[in-house]
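Architecture at a glance
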Amino acid sequence: MSSLKPMTLYSHAGGPNPWKVAIILDELRLPYHHKFLDFQSVKAEPFISLNPNGRVPGLEDPNTGISLWESGAIIDYIIEQYDTAHKLQYTSVPEKYQTRVWEHFQMSGQGPYFGQLIWFSRYHPEKVQSAVDRYANEVKRVTGVIDAHLKRQKTDYLVGDKLTYADLMFVPWAVTIAGLDSVDLSEFETYGAWLKRLTDRPVVANIIKQREEAMAAGK
């Protein structure tokens, strides 16, 4: 796909959701560049016309003229439009739809609960222990769902032994939560092995490094 024009991925170093998109783009070797925005810029023009919700990520694809927001919708688009070799997806049924189940679980379960725990553990101006405890318990519950599923299925990945975009979508939030003292996930050994399998991938390891460098640079 060397003839493709680079896409623009609107991002923020600290936000895990744009990095989900970056992992998929890199795994598929698609050209793109990050455009890092601060929290004021995402609430103002011109970005607010791309994303009325005023959040990152956003994606502009000059190859099709399409602009999108919401990480799940962006990833769906990338997979459908560019994963023509089916590297990160199934075409068979029921596996195709089982992958979508885990994709939606990441967006409805992992992302919101992990994000709230990070907020109340690091950024909320007051210490609200009941909120920390609630979201720490939810993080453990969500992690336990993945751990139990992998044990029951005896597979390397969420849907069989094929890596899919759904597995990769869990990585940025999982890595972000790892540094918190408010939750200990070490009991979930199968989950831990699965996550290591993902973060050991060269593309994923490079994205994690890029994010750390961007955060250090204050982007």
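Residues numbered from 1 in each chain as written. Predicted model: local features only at pLDDT ≥ 70, side-chain atom pairs only at ≥ 80, totals over all residues. Heavy atoms only, no water.

Points about the overall build of the protein chain
Using the following cut-off: For the purposes of this entry, the term helix denotes a DSSP run of H or I that reaches at least four residues, the term strand denotes a run of E that reaches at least two, and both are numbered from the N terminus. Atoms counted for the radius of gyration: C-alpha only. Globule rule: 2.2 Å times the number of residues to the power 0.38. Positive charges are assigned to Lys and Arg, negative charges to Asp and Glu, while His and the chain termini are left out of the count. Charge coordinates come from a single atom per side chain, which is NZ of Lys, CZ of Arg, CG of Asp or CD of Glu.
The helix and strand tally for the protein chain stands at nine helices and four strands. Going from the N terminus to the C terminus, the protein chain shows its helices and strands as β-α-β-α-β-β-α-α-α-α-α-α-α. The C-alpha radius of gyration computed for the protein chain amounts to 17 Å, which stays within 12% of the reference 17 Å derived for 219 residues, consistent with globular compactness. Dimensions of the protein chain along its principal axes, counting C-alpha atoms only, are 45 × 45 × 25 Å. Distance between charge centroids for the protein chain: 1 Å, based on 24 positive and 26 negative side chains.

Details of unusual backbone geometry
Of note, the amide linkage connecting V56 to P57 takes the cis form, showing an omega dihedral of 15°. Summarising the element assignment, P57 is placed in the loop between α2 (47-50) and β3 (58-61). V93 connects to P94 through a cis peptide bond whose omega is 15°. Mapped onto the elements, P94 comes out in the loop between α3 (71-82) and α4 (95-123). Residues other than glycine seldom take positive phi values, yet H86 does so here, at roughly 60°. Along the chain, H86 turns up in the loop between α3 and α4.

A few points about the packing of helix α5 (residues 129-153) against helix α8 (residues 189-199)
Applied cut-off: The convention used is that axes are lines fitted to C-alpha atoms, helices contributing only their stretch in contact, and that angles between N-to-C directions extend from 0 to 180 degrees. Angles are sorted into four bins: roughly parallel if under 35 degrees, roughly antiparallel if over 145, roughly perpendicular if 65 to 115, and oblique for all others. Contacts are assigned to residue pairs with any non-hydrogen atoms lying within 4.5 Å of each other. Nonpolar residues are Ala, Val, Leu, Ile, Met, Phe, Trp, Tyr, Cys and Pro. Charged residues are Asp, Glu, Lys and Arg, and all others, Gly as well, are polar.
Two elements in contact, α5 and α8, have axes separated by 8 Å at closest approach and are oriented at 85°. Comparing the axis directions of α5 and α8 gives the class roughly perpendicular. Contacts from T143, I146, D147, L150 and K151 in α5 reach E189, T190, Y191 and W194 in α8. The class makeup of the residues in the contact of α5 with α8 is four nonpolar, two polar and three charged.

Some details on the packing of aromatic side chains
The condition is simple: Pairing of aromatic side chains here covers Phe, Tyr and the six-membered ring of Trp, requires ring centres within 6.5 Å, and sorts the geometry by plane angle: under 30 degrees stacked, over 60 edge-to-face, intermediate tilted. We call a residue buried when its accessible area falls under 20% of the maximum for its residue type, exposed when it is over 50%, and partly exposed in between, using a 1.4 Å probe and counting protein chains only.
Inspection of the entire model under this criterion finds ten aromatic pairs. On the numbers, 5.7 Å between centres and 85° between planes, the contact of W102 with F105 is edge-to-face. With W102 and F105 both in helix α4 and three residues apart, this pair spans about one turn of that helix. The same class applies to W102 as to F105, namely buried. Plain terms: the ring middles of F170 and W194 are 5.8 Å apart, the flat faces sit at 70° to each other, and that makes the pair edge-to-face. With a gap of 24 residues between them, F170 in the loop between α6 (165-169) and α7 (171-177) and W194 in helix α8 connect regions that are remote in the sequence. For W194, a relative accessible area of 0% gives the class buried. Of the aromatic side chains, those joined through ring pairs into one cluster are W102, F105, F170, Y191 and W194.

Side note on the UniProt feature "domain: GST N-terminal" (unreviewed entry) in the protein chain
In plain terms, the rule: UniProt positions are given in the numbering used here, feature names are shortened, and annotations may be inferred rather than shown by experiment.
UniProt tags residues 5-86 as "domain: GST N-terminal" (unreviewed entry). Secondary structure within residues 5-86 divides into 34% helix and 22% strand; the distance between the first and last C-alpha atoms comes to 21 Å.

Observations concerning the UniProt feature "domain: GST C-terminal" (unreviewed entry) in the protein chain
Within this numbering scheme, the UniProt entry marks residues 92-219 as carrying the feature "domain: GST C-terminal" (unreviewed entry). Structurally, residues 92-219 comprises 72% helix and 0% strand, and the distance from its first C-alpha atom to its last is 41 Å.

Topic: the pairing of strand β4 (residues 66-69)
Every other side chain in a regular strand lies on the same face of the sheet, so the side chains alternate between the two faces. Which entries qualify depends on this criterion: Should DSSP find at least two bridges between two strands, the strands are taken to pair.
Across four bridges, the pairing between β3 and β4 is antiparallel. Within β4, the position partnered with D61 by the bridge is I66. The loop that links β3 with its antiparallel partner β4 comprises four residues; one of these, G65, has a positive phi angle of about 80°.

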